[in-house]
Amino acid sequence: MGCCGGEEGSARQWKPLEQRSCTDVLWLLILILFCIGMAVICGFAIASGAAQRLVYGYDSYGNICGQKNTKVEEKEQSGLDHTSNKYVFFLDPCNVDTVTFKIKSKALCVAKCPEMALNTLREVQNFALKNGSKLCDYKLKPEDYTSRSAGLCPKLPVKSSKPIPFFHRCVPDGIGCFVNFIKALTTFVSDNSVLQRVITGVMTSKEIIVGLCFLSLVLSMLLMVAIRYISRVLVWILAILTILGSIGGTAVLWWLYADGKKSAKEKLVEDREIAEDNVKALLVYAIVATVVTVVLLLLILIMRKRVALTIALFHVAGKVFVNIPLLVFQSLWTFVALVLFWTYWVAVLLLLGTAGYPEKTADENIEFRMSGPLQYTWIYHLVGLIWISEFILACQQMTVAGAVVTYYFTRDKSKLPTTPILSSICRLIKYHLGTVAKGSFIITLVKIPRLILMYIHNQLKGKENAVAKCMLKACMCCLWCLEKCLLYLNRNAYVATAINSTSFCTSARDAMLILIENALNVAAINTVGDFVLFLGKVLVVLITGIIGIVLLNHQRDYTVWVLPLIIVCLFAFFVSHCFLSIYEMVVDVLFLCFAVDTKNNDGSPGHEYYMDKSLMEFMDNSRKAMRSAGNREAELKSMAPRPENA
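Residues numbered from 1 in each chain as written. Predicted model: local features only at pLDDT ≥ 70, side-chain atom pairs only at ≥ 80, totals over all residues. Heavy atoms only, no water.

Describing the overall build of the protein chain
Looking only at helices and strands, the protein chain has 16 helices and eight strands in total. Residue burial in the protein chain is summarised as follows: out of 646 residues, 45% are buried. Long-range contacts, defined here as pairs at least 24 residues apart, represent 72% of the contacts in the protein chain between residues at least 6 apart. For the protein chain, the exposed surface amounts to about 34,200 Å²; the carbon and sulfur share of it is 65%. (Helix = DSSP H or I, 4+ residues; strand = E, 2+ residues; numbered from the N terminus. Buried < 20%, exposed > 50% of the residue type's maximum accessible area, 1.4 Å probe, protein only. Contact = heavy atoms within 4.5 Å. Areas by Shrake-Rupley, 256 points an atom, 1.4 Å probe, with all protein chains shown as cover.)

This is the structure:
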């Protein structure tokens, strides 16, 4: 992949921000051609009528609802005029095939969805006569809706339904069909009533869940703002708050468990089952919280001696956020870009699902399918999902790296660009999109085999022998480790490219050499820094979770707590991770800049350091700590008794 090129012999001469040139242009052209291919696939799906079938829907005879249709060869009831029948109605909407994710029921185009439940064929007949919306097969007239019309009329009772906005499908009200779908997908729930109560709990508490998710977003942003102003004491504050939060949360859970166990005995028989489910959930939460609290306390105790070395580096990172405040919103912009791309990707995937030519299925219905090489376009589309997603994430990393590099290697901070982030984006677009494309493609090459192995493992679950299962898991684990290593190397390669404007492979090699030369400092920063940021994530989850517990405890409409609280906590961790990952990258970029600075400068006239005083103090403290450790080791050796001469 062009990784063998580059300079030979002499060591790299780092020239930060002195010259810019286009890097990895060939890979940019490859990415552009790939994107054109994805656009062609989208155009084909639209041209073949898939857009109309997706939006308006079609019946089991190949007729698109809401318009005039052409006749399908050898298929009766096709080519009908459905101008007045704009909605798709399924005779048995709850009969879902979990393998193909399709409804295994005859579909008809109707003029109106039944807004009220219809319990008998007489009511179905009256609905057709009154509204002109025929819910039985086209060959039947409303007066022919009798008990002998089995299979041609909807399954009774017909549930009330409403059309989906924009997609013109009649969807039954309530959660009954959704429960059936989940029950078919899951095998771990033996009591269907438990599943019913869990889903009912989620639906009942949707306002609380949304509110708590928004709270986690606000807490994450407040934490990022706090980092800017209290970076010197942030490490200790996070550690103390995490200790207090974990102990307090654990105590609250045990108190709620004891209170719930006591009140459950006083409940009526019909309410006791729900109360016992809540008590069991609280017991599980309390035990897990206790274990997590003990582990966190032990980790903080072990890491306390290294915390002082991290404070100075976090202080410098805080200065970066003060000078470049738009860094805080990088995760938000990246998330918006990913959501827009994923929306496009899903839309095209749905178009591909309805593209192609009409074919008869085994049950004599019409489905639209692609044949020949076109039926494999979804594979190309899937690769595009992985590559473009990684490309967007890599653009974020390059943008952050470029902004921080500009800050670090600008001696007079008053001469920084007005918006370093926008300057970094401009440099990325003008010079380094090819480097980002190449780096993201390498990650894609590792992700695809791992996803294939995961798919094989899931398909063979319960069928493979112990040796095959062990080998599959070992391969997936190795690929996962390789992916994580490449992600770390890619991130540092982007920093090297931002510094010296070199190609991806040259930058990756130079960054690796720098990291190897500073292996001890890298280990210390990654260990302590990542742990401190992890405490920040835990703090956001703890605050959100504790508030969630209090709110859910007062929500008497609730049934089972498990799913709502898990959803909220997972979302809180995801949001905090997105925000604090930017801070983590700023710390990593600063360290690599510092390593390059110390490698090429010694403080003498003409070779002055770029670093700021706080970072120099950080490294001085590191050297003093290492020196004192060496002195203690030497003293211990000198105090050791020497063996007597024979």
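Focus on the pairing of strand β4 (residues 107-110)
Burial along β4 is two-sided: Ala107 and Cys109 and Leu108 and Val110, pointing in opposite directions, are all buried. Pairing geometry for strand β1 (residues 87-90) and β4, over four bridges, is antiparallel. When the bridges of β4 are listed, Val88 appears paired with Cys109. (Pairing = 2+ DSSP bridges.)

Some points on the state of the cysteines
Joining two cysteines, a disulfide is a covalent bond between their sulfur atoms. Tallying each qualifying case throughout the model produces three disulfides. The residue that forms a disulfide with Cys65 is Cys109, at a sulfur-sulfur distance of 1.9 Å. With the S-S bond torsion at -85°, the cross-link from Cys65 to Cys109 turns out left-handed. Linking Cys65 in the loop between α2 (50-56) and β1 with Cys109 in strand β4, this pair joins segments that are 44 residues apart in sequence. Cys109 shares its class with Cys65; the two are buried. (Disulfide = S-S within 2.5 Å.)

A word on the packing of aromatic side chains
In total, this model carries ten aromatic pairs according to the counting rule given. Seen from their ring centres, Tyr61 and Tyr138 are 5.7 Å apart, and the 45° between their planes marks the pair as tilted. Pair noted here: Tyr61 is in the loop between α2 and β1 and Tyr138 is in the loop between α3 (121-131) and β5 (161-163), with a separation of 77 residues, a long-range link. Ring centres 6.0 Å apart and planes at 85° place the aromatic pair Trp254 and Tyr257 in the edge-to-face group. Here Trp254 pairs with Tyr257, and both are found in helix α7 (residues 231-264), just three residues apart, close to one helical turn. A relative accessible area of 35% means that Trp254 is categorised as partly exposed. (Phe/Tyr/Trp six-rings, centres within 6.5 Å; stacked < 30°, edge-to-face > 60°.)

Some points on α3
Listing the buried residues of α3 in full gives Leu121, Val124, Gln125, Phe127 and Ala128. Around the axis of α3, the buried residues are gathered within 160° of arc, so they sit on the same side. Relative to its buried face, α3 has exposed residues pointing more than 90 degrees away, namely Arg122, Leu129 and Lys130. A positive phi of about 70° marks Gly132, the residue just after α3. (Arc of directions from axis to C-beta.)

Points about the environment of Val124
Mapped onto the fold, Val124 is located in helix α3. Separated by ten residues in sequence, Val124 and Pro114 place their C-alpha atoms 9.0 Å apart. When sequence neighbours within four positions are dropped, the list of residues in contact with Val124 reads Leu118, Leu135, Cys136, Tyr145, Leu156 and Val158.

As for the nonpolar core
The biggest cluster of nonpolar side chains holds 84 residues, and the ones touching the most others in it are Leu327 and Val586. Residue contributions to this core peak at 17 residues, all from helix α15 (residues 562-600). For Val586, the residues in contact, after removing those within four places along its chain, are Ala317, Val320, Phe321, Leu327, Val400 and Val404. With 18 residues, the next largest nonpolar core counts Phe89, Leu91, Phe127 and Cys136 among its residues. (Core = buried A, V, L, I, M, F, W, Y, C linked by side-chain atoms within 4.5 Å.)

Remarks on the packing of helix α12 (residues 466-500) against helix α13 (residues 504-517)
Between α12 and α13, whose axes approach to 8 Å, the crossing angle comes to 105°. By the criterion of interaxial angle, the relationship of α12 to α13 is roughly perpendicular. Of the residues in α13, those in contact with Tyr488, Leu489, Asn490, Asn492, Ala493, Tyr494, Ala496 and Thr497 of α12 are Phe504, Ser507, Ala508, Ala511, Met512 and Leu515. Per-class residue counts for the contact of α12 with α13 are ten nonpolar, four polar and no charged. (Axes fitted to C-alpha atoms, helices over the stretch in contact; angles between N-to-C directions. Parallel < 35°, antiparallel > 145°, perpendicular 65-115°, else oblique. Nonpolar A, V, L, I, M, F, W, Y, C, P; charged D, E, K, R; others polar.)

So, the environment of Val55
On the secondary structure map, Val55 appears in helix α2. The buried category is assigned to Val55, whose relative accessible area is 17%. Between the alpha carbons of Val55 and Cys65 there is a distance of 9.5 Å; along the sequence they are ten residues apart. Filtering out sequence-adjacent residues up to four positions away, Val55 remains in contact with Phe166, Phe167, His168 and Arg169.

Remarks on the confidence of the model for the protein chain
Of all residues in the protein chain, 77% attain a pLDDT of 70 or more, and the chain-wide mean is 78. Of the regions scoring below 50 in pLDDT, residues 1-11 engages in 14 contacts with residues more than four places distant in sequence or in other chains. Taken together, the stretch residues 181-195 has pLDDT below 50 and engages in 14 contacts with residues farther than four places along the chain or on a different chain. (pLDDT = per-residue confidence, 0-100.)

Description of unusual backbone geometry
Between Leu156 and the following residue, Pro157, the backbone shows a cis peptide bond with an omega angle of -5°. With respect to the element layout, Pro157 can be found in the loop between α3 and β5. Positive phi outside glycine occurs at His168, with the angle close to 55°. If you trace the backbone, His168 turns up in the loop between β5 and β6 (170-172). Relative accessible area serves as the criterion here: at 19%, His168 is assigned to the buried category. Positive phi, normally seen in glycine, also occurs at Ser501, with a value near 55°. Structurally, Ser501 can be placed in the loop between α12 and α13.

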